[in-house]
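As a plain string of letters, each chain reads:
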Amino acid sequence: MAHKKGVGSSKNGRESESKRLGVKIYGGQNAVAGNIIVRQRGMEHHPADNVYAGKDYTLHAKVDGVVKFTKKKNNKSYVSIVPGAEA
């Protein structure tokens with residue numbers, strides 16, 4: 001019986017925890033100041049009016065209002081908050 005004992009460690013350790021990235025509040029939905037709008041890696045969506053980016057590129061709402069996604073002529077996506085337009 002010339003069998004090696006299978007340790008199995010080489011097949012383990014590759015499952016990383018998912019980071020739950022993506023849009024959290026969509027266009028037309030209400031956001032409260034401080035809410036996370038988009039979690040992202042890099043600037044896939046750029047901050048516009050009443051939105052700021054954290055150090056990990058997460059976009060947050062500065063004021064209460066309605067989320068609005070737009071594309072400008074440079075074909076980049078911009079996220080803004082329209083204040084006082086509670087839907």
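Look above for the structure.
Residues numbered from 1 in each chain as written. Predicted model: local features only at pLDDT ≥ 70, side-chain atom pairs only at ≥ 80, totals over all residues. Heavy atoms only, no water.

Considering the pairing of strand 3 (residues 36-39)
In step 1: Sheet topology places strand 1 (residues 22-23) next to strand 3; two bridges connect them, and they run antiparallel. Opposite Gly 22, over in strand 3, you have Arg 39 as the bridge partner.
In step 2: In this sheet, strand 6 (residues 59-61) lies alongside strand 3 in antiparallel orientation, the contact comprising two bridges. Paired with Ile 36 across the two strands is His 60, which belongs to strand 6. (Pairing = 2+ DSSP bridges. Helix = DSSP H or I, 4+ residues; strand = E, 2+ residues; numbered from the N terminus.)

Focus on the environment of Gly 42
In step 1: Of note, Gly 42 is situated in the loop between strand 3 and strand 4 (45-47).
In step 2: Given a relative accessible area of 21%, Gly 42 falls into the partly exposed group.
In step 3: For Gly 42 and Tyr 57, which are 15 residues apart along the polypeptide, the C-alpha to C-alpha distance reads 6.0 Å. (Buried < 20%, exposed > 50% of the residue type's maximum accessible area, 1.4 Å probe, protein only.)

With respect to the pairing of strand 8 (residues 77-83)
In step 1: Buried residues dominate strand 8, accounting for five of its seven residues.
In step 2: Across seven bridges, the pairing between strand 7 (residues 65-71) and strand 8 is antiparallel. Looking at the pairing, Val 66 lines up with Val 82 of strand 8.
In step 3: Remark: five residues form the turn of the hairpin made by strand 7 and strand 8, two consecutive strands paired antiparallel; Asn 75 in that turn has positive phi of roughly 60°.

Notes on the sheet that holds strand 1
In step 1: Strand order in the open sheet made by the four strands is 1-3-6-5, with antiparallel pairing throughout. Two strands bound the open sheet, and with one partner strand each, they are strand 1 and strand 5 (51-53).

Some thoughts on the environment of Pro 83
In step 1: The residue Pro 83 is located in strand 8 in this model.
In step 2: Take Pro 83: its relative accessible area is 48%, and that puts it in the partly exposed class.
In step 3: As a C-alpha pair, Pro 83 and Val 67 span 16 residues in sequence and 9.0 Å in three-dimensional space.
In step 4: Contacts of Pro 83, omitting those with residues within four sequence positions, involve Asn 50, Val 63, Asp 64 and Gly 65. (Contact = heavy atoms within 4.5 Å.)

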